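Residue-level structure breakdown
Read off the chains here:
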Amino acid sequence: MPLSNLFKNCFYYWGFACLVGYFVNHPLYTPPVFGSAQIGLGLFGFMICEYGNFAIHSHLRDLRPAGSTERRIPLPSTNPFTWLFNYVSCPNYTYEVGAWLSFAGMTQTLTAGIFALVGLGQMAVWALGKHRNYKREFRDYPKKRKSILPFLI
């Protein structure tokens with residue numbers, strides 16, 4: 001990772017952590033409209049998406065045999081969390097965005113929503129690049145697959 005990306009990533013995560021933390025801990029913060037149900041649903045969505053992200057990273061790790069430089073088309077496995085590969089090239093980013101949108105719903109703060117949308121923008125740029133590279137590298141790459149959001153981007 002280039003040093004400039006390190007600073008950009010640190011600024012993004014730490015800057016938004018401060019903003020979200022400020023508003024969530026502010027004395028005038030109002031709890032989510034739907035109370036515990038909204039918090040629970042947001043937490044559940046966050047945890048499911050984080051596990052999905054982990055499952056995708058584990059699956060991608062296992063695609064390449066140890067000590068090899070061979071690259072293969074990522075395809076779904078028997079793990080249901082990998083089935084997003086039927087629709088997108090970078091489901092790890094899809095799950096990441098889902099996790100942060102769930103967090104935004106759980107906290108019901110504008111700053112958390114902006115954090116999720118800025119993250120979606122950056123991850124969409126990365127996913128479009130990876131998607132383009134997959135299509136260039138593999139002639140039989142699935143044609144209907146999108147980069148990050150099923151059926152959209």
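**Some remarks on helix α1 (residues 3-24)**
End to end, α1 covers 31 Å across 22 residues, agreeing with the expected 32 Å (1.5 Å per residue, within 8%). When α1 is considered as a whole, its buried residues turn out to be Y12, F16 and V20. On an axial view of α1, the arc spanned by its buried residues comes to 35 degrees, and they lie on one face. Those residues of α1 that are exposed and angled more than 90 degrees off the buried face are L3, F7, F11, W14 and C18. In the core, the buried residues of α1 are packed alongside α3 (91-107) and α4 (110-137).

**Thoughts on the pattern of salt bridges**
Enumeration according to the criterion identifies three salt bridges in this entry. Note that E70 and R72 form a salt bridge whose closest N and O atoms lie 3.4 Å from each other. By relative accessible area, which is 39% here, E70 ends up partly exposed. The partly exposed category is assigned to R72, whose relative accessible area is 38%. E137 serves as the salt-bridge partner of R71, at 2.9 Å between the closest nitrogen and oxygen. Of the two residues, R71 sits in the loop between α2 (35-63) and α3 while E137 sits in helix α4, which places them 66 residues apart along the sequence.

**Remarks on the packing of aromatic side chains**
Taken as a whole and judged by the stated rule, the model has 17 aromatic pairs. Taking 5.4 Å as the distance between ring centres and 70 degrees as the angle between the ring planes, the aromatic pair formed by F46 and W100 counts as edge-to-face. In this pair, F46 is assigned in helix α2 and W100 in helix α3, connecting sequence segments 54 residues apart. Taking the centre distance of 6.0 Å and the plane angle of 45 degrees together, the rings of Y51 and F54 count as tilted. Taken as a pair, Y51 and F54 lie in helix α2 at a separation of three residues, close to a single helical turn.

**Comments concerning unusual backbone geometry**
Positive phi outside glycine occurs at Q108, with the angle close to 50 degrees. Counting through the fold element by element, Q108 comes out in the loop between α3 and α4. Judged by relative accessible area, which is 34%, Q108 ranks as partly exposed. The backbone of F151 sits at a positive phi, close to 70 degrees, despite the residue not being glycine. Structurally, F151 can be placed in the segment after α4.

**Notes on a nonpolar patch on the surface**
A contiguous nonpolar surface patch, about 530 Å² in accessible area, is contributed by Y87, L128, F151, L152 and I153. Residue position: Y87 is located in the loop between α2 and α3. Accessibility expressed as a relative area gives 38% for Y87, which makes it partly exposed.

**Notes on α3**
Compared with an ideal rise of 1.5 Å per residue, which puts 17 residues at 24 Å, α3 spans 24 Å between its outermost C-alpha atoms and is within 8% of the ideal. The element α3 is extensively covered by neighbouring structure, given that 14 of its 17 residues are classed as buried.

**Describing the confidence of the model for the chain**
With 99% of its residues at a pLDDT of at least 70, the chain reaches an overall mean of 93. When pLDDT is averaged over each element of the chain, α3 comes out on top at 97 and α1 at the bottom at 89.

The rules behind each value
Residues numbered from 1 in each chain as written. Predicted model: local features only at pLDDT ≥ 70, side-chain atom pairs only at ≥ 80, totals over all residues. Heavy atoms only, no water. Helix = DSSP H or I, 4+ residues; strand = E, 2+ residues; numbered from the N terminus. Expected span 1.5 Å × (residues − 1). Buried < 20%, exposed > 50% of the residue type's maximum accessible area, 1.4 Å probe, protein only. Arc of directions from axis to C-beta. Contact = heavy atoms within 4.5 Å. Salt bridge = Lys/Arg side-chain N within 4 Å of Asp/Glu carboxyl O. Phe/Tyr/Trp six-rings, centres within 6.5 Å; stacked < 30°, edge-to-face > 60°. Patch = residues over 30% accessible without salt bridge, like charges linked within 9 Å, V, L, I, M, F, W, Y side chains within 5 Å. Areas by Shrake-Rupley, 256 points an atom, 1.4 Å probe, with all protein chains shown as cover. pLDDT = per-residue confidence, 0-100.

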